[in-house]
Amino acid sequence: VEELGLRAAQPDETREADAPLILVVEDNVDMNEFIAATLRPYYRVASARNGREGLDKALALHPDLVLTDVMMPLMDGEDMVKALRDQAVTRDLPIVMLTARADDELRVRLFALGVQDYLGKPFSTDELLARIGGLVASRRRTVAELGRSAERLRRLAQVVEKIAAVRDLAGLMEIVRHAVRELTGADGITLVLRENGNCHYADEDAIGPLWKGQRCPLESCISGWTMLNREAAVIEDIYVDPRIPYAAYRPTFVKSLSMVPIGREHPVGAIGCYWAERHRASVDELELQQALADAMSVGLANLDLYRAMDAARLAAEQVAAVLTEAQQLAGIGNWTWDIASGRHHWSAEIYRIYGRDPALPAAVYSEVKQYFTEESWSHLAETVEQALAQGLAYECDAEVRRPDGGHRWITARGEATRDAAGKVVSLHGTVQDITARKLAEEQIRSLNAGLEQRVVERTAELSAANQELDSFAYATSHDLKVPLVSLQGMAGLLAEECSHQLDEQGRHYVERIVA
């Protein structure tokens with residue numbers, strides 16, 4: 001008792017402001033004060049007189065350890081432990097039980113609840129301090145390690161975020177090489193890429209030169225072994241491992257290394273970590289190195305994707321340019337109408353045909369009416385309504401009335417798209433400028449009308465000329481007929497009366513005249 005009194009009376013001179021906090025829960029006032037006095041030279045101490053007060057203080061103060069009695073009023077130690085284990089913030093809080101009861105059943109029950117240690121009364125203060133010290137130190141190491149792990153995870157998350165945003169290989173390697181060196185604590189790192197059966201040491205960050213820019217066959221180095229076997233390699237002493245090309249390592253500082261593949265299923269490279277002193281990479285170091293390699297694998301895949309997207313975008317732009325040019329040459333524009341959202345899309349050629357400002361959005365259905373004459377809109381609207389109601393395709397000509405007062409003619413075509421239930425959900429189609437065709441048709445009609453009129457007029461002229469010719473022929477025939485009759489009469493008379501006086505040739509001429 002005198003020893004306890006002396007210890008309790010010792011001043012709290014060694015306690016520091018950041019010393020661990022111990023919560024003592026003990027209903028016996030003297031025992032509570034004795035334990036507190038024992039602990040104060042080494043720890044900060046808070047006290048509670050029963051389990052209910054102990055629970056409240058544990059939740060409010062977040063102590064590093066709870067030292068509690070079992071038998072107490074209001075709430076005993078066992079119920080307090082249950083309540084603490086039900087709270088997320090105190091679920092892993094170290095708890096040491098003090099009790100005069102020595103039965104095994106109680107100890108087993110308390111250990112099952114998550115009590116870390118058990119101390120019977122009476123107890124040695126040295127044993128009490130030793131047990132508490134061990135638990136507090138272990139907890140602090142755990143908390144510190146958790147803090148370091150959390151910081152590494154935070155840093156790893158930052159690296160992954162940067163990798164997701166990078167758009168070029170040089171930027172990706174810069175991010176990864178700094179992160180690997182920083183997070184693993186290695187004296188040097190290399191980034192190795194697989195190229196046509198070779199290992200290309202593409203980049204490095206180290207206390208001394210390694211192999212940046214060099215290439216070697218996959219089968220001749222540890223990075224190639226890692227890729228070919230799709231597994232990590234941890235080598236504490238490089239000079240006793242047959243996979244190491246010793247001649248390449250002798251000029252370097254490297255004594256130990258770890259190598260992990262970039263891409264686990266189909267490795268496209270490897271990341272190496274190197275130490276100047278003998279060092280065997282821990283499980284945590286290797287997992288972190290592999291996590292960064294996995295992130296780089298995703299980054300490399302993203303770069304391939306970005307390149308493919310850029311190529312596809314360029315191809316799409318080229319196709320769009322060709323399509324735009326073709327639409328301009330053909331005077332054809334395309335459009336879409338999503339009925340559910342009401343969204344409309346027009347190609348540039350439709351803007352030109354309708355004379356709409358390209359800075360404006362595509363006109364909605366109700367606005368389109370303003371671009372047509374009343375007669376054309378009536379016919380066009382009827383065909384569109386049929387397409388909406390029945391899903392029928394349509395094609396019709398219409399006269400456009402542009403905002404600048406000009407008029408054009410178009411052929412409007414449209415088709416419906418249905419959903420799985422057969423409901424019309426969108427329309428799409430084309431608008432073709434046929435103004436030139438309409439003008440040509442009008443010109444042809446005008447020419448045909450003029451030609452027909454000219455034919456009628458020419459026919460009349462020919463008819464009049466024929467009549468005049470007939471009159472001339474009749475008069476001429478009459479004028480010629482009189483002397484011919486007289487001549488024929490004279491020839492007949494000559495043939496009758498003087499035939500015997502004529503020779504054969506003369507008779508022949510007379511016969512021809514008579515005939």
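None of these values were measured; they are calculated from a predicted model.

Rules and cut-offs
- Residues numbered from 1 in each chain as written.
- Predicted model: local features only at pLDDT ≥ 70, side-chain atom pairs only at ≥ 80, totals over all residues.
- Heavy atoms only, no water.
- Helix = DSSP H or I, 4+ residues; strand = E, 2+ residues; numbered from the N terminus.
- Polar contact = N/O pair within 3.5 Å; in protein donor to acceptor, adjacent residues only side chain to side chain.
- Buried < 20%, exposed > 50% of the residue type's maximum accessible area, 1.4 Å probe, protein only.
- Contact = heavy atoms within 4.5 Å.
- Core = buried A, V, L, I, M, F, W, Y, C linked by side-chain atoms within 4.5 Å.
- Expected span 1.5 Å × (residues − 1).
- Phe/Tyr/Trp six-rings, centres within 6.5 Å; stacked < 30°, edge-to-face > 60°.
- Lys NZ or Arg CZ within 6 Å of the ring centre and 35° of its normal.
- Pairing = 2+ DSSP bridges.
- Axes fitted to C-alpha atoms, helices over the stretch in contact; angles between N-to-C directions.
- Disulfide = S-S within 2.5 Å.
- Parallel < 35°, antiparallel > 145°, perpendicular 65-115°, else oblique.
- Left-handed = near helix turned anticlockwise from the far one by under 90°.
- Nonpolar A, V, L, I, M, F, W, Y, C, P; charged D, E, K, R; others polar.

Sorry if this is basic, but what is going on with the environment of glutamate 151 here?
With respect to the helices and strands, the residue glutamate 151 is situated in helix 6 (residues 125–165). Separated by 67 residues in the primary sequence, glutamate 151 and leucine 218 place their C-alpha atoms 36 Å from one another. Here arginine 154 takes part through its side chain, which lies 2.3 Å from a polar atom of the side chain of glutamate 151.

Got a minute to help me understand helix 2 (residues 29–39) in this structure?
Residues that lie three or four places apart on an α-helix share one face, since the helix turns once every 3.6 residues. Residues of helix 2 that are buried include every one of Asn32, Phe34, Ile35, Ala36, Ala37, Thr38 and Leu39, and no others. Measuring from the side-chain oxygen of the N-cap residue of helix 2 to the backbone nitrogen of aspartate 30 gives 3.1 Å; that N-cap residue is asparagine 28.

So what exactly am I meant to see when it comes to the environment of glutamate 78 here?
Among the secondary structure elements, glutamate 78 is positioned in helix 4 (residues 77–85). The spatial distance from the C-alpha of glutamate 78 to the C-alpha of alanine 348 is 79 Å, given a sequence separation of 270 residues. Apart from the residues within four sequence positions on either side, glutamate 78 is in contact with Val70, Leu106, Arg109, Leu110 and Leu113. Here arginine 109 takes part through its side chain, which lies 2.7 Å from a polar atom of the side chain of glutamate 78.

What am I meant to see in the side chain of aspartate 203 here?
Inspection of the secondary structure puts aspartate 203 in strand 7 (residues 198–206). Here aspartate 203 falls in the buried class, since its relative accessible area comes to 5%. A polar contact is formed between the side chain of aspartate 203 and the side chain of lysine 212, at a distance of 3.4 Å. If sequence neighbours within four positions are ignored, aspartate 203 has contacts with Met173, Arg177, Ile189, Thr190, Leu191 and Lys212.

So what exactly am I meant to see when it comes to the nonpolar core here?
Across soluble globular proteins, nonpolar side chains have a tendency to be buried as a group. Residues Leu172, Val176, Ile271 and Met296 are the most contacted members of the largest nonpolar core, which totals 30 residues. Those elements that provide at least two residues to this core are helix 6, helix 7 (169–184), strand 6 (188–195), strand 10 (256–262), strand 11 (269–275) and helix 10 (283–330). No other element matches the eight residues that helix 10 contributes to this core. Once you skip the residues sitting within four places of it in the chain, isoleucine 271 turns out to touch Val176, Val180, Thr190, Leu191, Ser258, Met259, Val260, Ile262, Gln289, Leu292, Ala293 and Met296. Counting residues in hydrophobic clusters, the runner-up holds 26 residues, among them Trp346, Tyr351, Ile410 and Leu427.

Quick question: what am I supposed to make of the side chain of glutamate 26 here?
With respect to the helices and strands, glutamate 26 occurs in the loop between strand 1 (21–25) and helix 2. Within the local environment of glutamate 26, its side chain forms a polar contact with the side chain of lysine 121, the two groups lying 2.9 Å apart. If we ignore the near neighbours within four places in the chain, the residues touching glutamate 26 are Met31, Asn32, Ala48, Arg49, Asp69, Met72 and Lys121.

How should helix 10 be read in this particular structure?
Along its 48 residues, helix 10 runs 68 Å from first to last C-alpha, staying within 8% of the 70 Å computed at 1.5 Å per residue. One or two residues past the end of helix 10 sits glycine 331, with phi positive at roughly 70 degrees.

I keep staring at the packing of aromatic side chains and nothing clicks. Help me out?
Two numbers describe a pair of aromatic rings. These are the distance of the centres and the angle of the planes. Using the criterion set out here, one finds 13 aromatic pairs in the structure. Between tryptophan 211 and tyrosine 274, the ring centres sit 5.5 Å apart and the planes meet at 65 degrees, which makes this aromatic pair edge-to-face. Here the residue tryptophan 211 occupies a position in the loop between strand 7 and strand 8 (215–217), and tyrosine 274 occupies one in strand 11, the gap between them amounting to 63 residues. For the pair tryptophan 211 and tyrosine 274, a shared accessibility class is recorded, and that class is buried. These aromatic residues form a ring-pair network of at least three members: Trp337, Trp346, Tyr351, Tyr354, Tyr365, Tyr371, Phe372 and Trp377. One Lys or Arg, arginine 167, reaches over the ring of tyrosine 306 and ends 3.8 Å from the middle of that ring.

Got a minute to help me understand the sheet that holds strand 11 in this structure?
Working definition: the strands of a sheet are paired by backbone hydrogen bonds and lie parallel or antiparallel to each other. Taken in spatial order, the six strands make up an open sheet running 8-7-6-11-10-9, and their pairing is antiparallel. On the outer flanks of this sheet lie strand 8 and strand 9 (233–235), each paired with one strand and no other. Strand-to-strand, the axes of this sheet are offset by a mean angle of 20 degrees, without reference to chain direction. Where strand 6 meets strand 11, six bridges bridge the pair, whose relative direction is antiparallel. Paired with glycine 188 across the bridge in strand 11 is tyrosine 274. Strand contacts of helix 8 (residues 222–229): strand 6, strand 7, strand 9, strand 10 and strand 11, with the helix running at about 40 degrees to strand 10, the strand carrying the most contacts.

Even after reading the chapter, I still don't get the state of the cysteines, so can you show me in this structure?
Here, the word disulfide means a covalent bond between the sulfur atoms of two cysteines. Taken as a whole and assessed by the stated rule, the structure comprises zero disulfides. You can see cysteine 216 has no disulfide; the closest cysteine sulfur is in cysteine 221, sitting 3.1 Å from it. Under the relative-accessibility criterion, cysteine 216 is labelled buried at 16%. By relative accessible area, which is 6% here, cysteine 221 ends up buried.

Even after reading the chapter, I still don't get the pairing of strand 14 (residues 394–401), so can you show me in this structure?
Residues in a regular strand project their side chains so that they alternate between the two faces of the sheet. By the alternation rule, side chains of strand 14 split into Tyr394, Cys396, Ala398 and Val400, which are all buried, and Glu395, Asp397, Glu399 and Arg401, of which none is buried. Judged from the eight bridges that link them, strand 14 and strand 15 (residues 407–418) form a sheet pairing that is antiparallel. Bridging from a neighbouring strand, glutamate 399 pairs with tryptophan 409 of strand 15.

Explain the packing of helix 3 (residues 51–61) against helix 4 here, please?
The angle between the axes and the distance between the axes are what describe a pair of packed helices. Packing of helix 3 against helix 4 brings their axes to within 9 Å, and their N-to-C directions diverge by 25 degrees. The pairing of helix 3 with helix 4 is recorded here as roughly parallel in orientation. Relative to helix 4, helix 3 is oriented so that their crossing is right-handed. Residues Gly51, Gly54, Leu55 and Ala58 of helix 3 form the contact with helix 4, whose participating residues are Met80, Ala83 and Leu84. Residues that form the contact of helix 3 with helix 4 fall into these classes: five nonpolar, two polar and no charged.

Where do I start with the sheet that holds strand 5 (residues 117–120) in this structure?
Pairing is parallel in the open sheet, where five strands are placed in the order 2-1-3-4-5. This sheet does not close on itself; its edge strands, each paired only once, are strand 2 (44–48) and strand 5. Going across the sheet, the axis of each strand differs from the next one's by a mean of 20 degrees, ignoring polarity. Summarising the sheet, strand 4 (residues 95–99) and strand 5 pair through four bridges and their orientation is parallel. Residue pairing for strand 5: threonine 99 is matched across the bridge by glycine 120. Sheet strands in contact with helix 2 are strand 1, strand 2, strand 3 (65–69) and strand 4, and its direction is about 170 degrees off that of strand 2. Contacts from helix 6 reach strand 1, strand 3, strand 4 and strand 5, with the element oriented near 170 degrees to strand 5.

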